[in-house]
Each structure stands twice: as structure tokens, then as C-alpha cells.
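Commentary on secondary and tertiary structure
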Amino acid sequence: MNLEIISNKLKNMLPERRFKHSENVAKCAVKLSEIYGCDKEKSYIAGIIHDCAKYLEAKEVDFYVEKYSIELDELEKNNLALSHSVIGSYIVRNEFNIDDEEIINSVKYHTTGKANMNLIEKIIYIADLIEEDRNFPGVENLRQLTYNGKLDEALLESFDNTIKFVIDNKQLIHPRTVEARNYLMKQNN
Ligand SMILES: [Fe+2]
Ligand SMILES: [Fe+2]
């Protein structure tokens, strides 16, 4: 499937501003690939497609979960904010016919992160947060770290931010985010 077909398909799945976000993530992922030495084309595709499942209706979620035997954990069930990355990874493989495991896994783990992420997974995770239209307290610091060769520090900072935010809002923490954070902490010590 070529890029134009992917983009057109995505435009039918996403509201305009989310498509713009996806293009921004793709562009940012390409810049980061230049800095860190990752495959630019793969990064672009992973970036543009990462939120493909973000706007599924409940019945579409049920349809895909059934069709592809997707196993969602307790936190992901009935929570598209978390599950769109996992469900999206199946849509990338089966509906976009993309069989590149790196692209698929970058989509799958872009919301929670995970322990021992590879380069493209890290790039998509952070590009999602720092793309040019993102604006939240601390985003400039994440950009500084990311664009100055400190990708792991940026990731650690963002996992910490997520965990603090979830605690402050009395929500459940996804264990993959804790594992991602602990993995980087141990690696850096
Ligand atoms: Fe997302
Ligand atoms: Fe996103």
C-alpha cells in the first residue's frame, strides 16, 4: 500500500485535526530518525498511522476485537484512550496490509510504552508527545532533550509525567508504563 492510499484511508477514519496531528507526528518522527539513525520511511508510516483506531465507534471496536481475536487487558477494555494503540496495531496489519513488525509494534505501544523499547518505538512514542502543535506544561523540556540526543531522558521524563498525572487524577496506571519507566531507570543506573 503506498503512502497516498494510506493517507486517503486515514482521512476517512480520523477527524481533520487528528489527521493533522498524525502528519505532524510523522514529520517529527522523520526528523528524529535523522538524528538517531532510524529508517525514515518506516518512521513516517508509523507516525501517520499511529492513531488509526482512535475514533472507532464502540460497535467497530467490538467488531475488530472479535474479528482479530484481540486480547485487551482489564484496563484496556472499554477504554479507547488506552486500547486504540493495541487495536490500531491489528488494523495496521490487517486493514492496511502492512506486515512490518516495527511499524506494527510502534503503533501498539505508542500509548503506554513498554520495557525495552526499540528505537522506532521510542521515536513514535515521543513524536506523539512533542509534535509541533502539542502544547502542555513541560513540552519544551521534552523537545530540548529529544532534539539534543537525550531520547531516553525524554522518555523517562514523559513516563514520570504520565504516572504523576494518572495518580493526581485518581486513575489506574497501566503496568506497561511502570515497566517502561523502571526499565529506563535501571538502565541509566
Ligand atoms: Fe494515540
Ligand atoms: Fe497521537
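Below you will find a few notes about this structure. Fair warning: this is a prediction, and the values are worked out from it, not measured in the lab.

1. Some remarks on the pattern of salt bridges
- Under the definition given, this model contains 16 salt bridges.
- Ionic pairing is found between Lys27 and Glu132, a salt bridge with its closest N-O pair at 3.3 Å. Within this pair, whereas Lys27 is found in helix 2 (residues 16-36), its partner Glu132 is found in the loop between helix 7 (119-130) and helix 8 (139-147), the two being separated by 105 residues in sequence.
- Overall, the relative accessible area of 42% leaves Lys27 in the partly exposed class.
- The class for Glu132 is exposed, based on a relative accessible area of 52%.
- Here Glu34 and Lys40 are joined by a salt bridge, their closest N and O atoms 3.5 Å apart.
- Exposure remark for Glu34: the relative accessible area of 52% places this residue in the exposed category.
- Since its relative accessible area comes to 42%, Lys40 is described here as partly exposed.
- One salt-bridge network, held together by shared partners, links Lys42, Asp100 and Glu102.

2. Some words on the coordination of the iron ion (ligand 1)
- Protein ligation of the iron ion (ligand 1) involves Asp51 (OD), His84 (NE2) and His110 (NE2), the donor distances falling in the range 2.0 to 2.1 Å.
- Read N to C, the donor residues that coordinate the iron ion (ligand 1) are spaced as D-x32-H-x25-H.
- The distance between the iron ion (ligand 1) and the iron ion (ligand 2) is 3.5 Å, with Asp51 acting as a donor to both metals. You can see Asp51 sitting in the loop between helix 3 (40-49) and helix 4 (58-67) and its partner His110 sitting in the loop between helix 6 (101-108) and helix 7, a full 59 residues away along the chain.

3. Brief notes about the environment of Arg181
- Relative to the elements of secondary structure, Arg181 occurs in helix 10 (residues 175-188).
- In this structure the C-alpha to C-alpha distance between Arg181 and Ile167, which are 14 residues apart in sequence, comes to 15 Å.
- Among residues more than four places away in sequence, those in contact with Arg181 are Leu156, Phe159, Asp160 and Ile163.
- Separated by 2.7 Å, the side chains of Arg181 and Asp160 make a polar contact.

Basis of the calculations
Residues numbered from 1 in each chain as written. Chains lettered and ligands numbered in written order. Predicted model: local features only at pLDDT ≥ 70, side-chain atom pairs only at ≥ 80, totals over all residues. Heavy atoms only, no water. Salt bridge = Lys/Arg side-chain N within 4 Å of Asp/Glu carboxyl O. Helix = DSSP H or I, 4+ residues; strand = E, 2+ residues; numbered from the N terminus. Buried < 20%, exposed > 50% of the residue type's maximum accessible area, 1.4 Å probe, protein only. Donors = N, O, S within 2.8 Å, 3.2 Å for Na, K, Ca; no water. Contact = heavy atoms within 4.5 Å. Polar contact = N/O pair within 3.5 Å; in protein donor to acceptor, adjacent residues only side chain to side chain.

These values are about where atoms sit, not about what they do.
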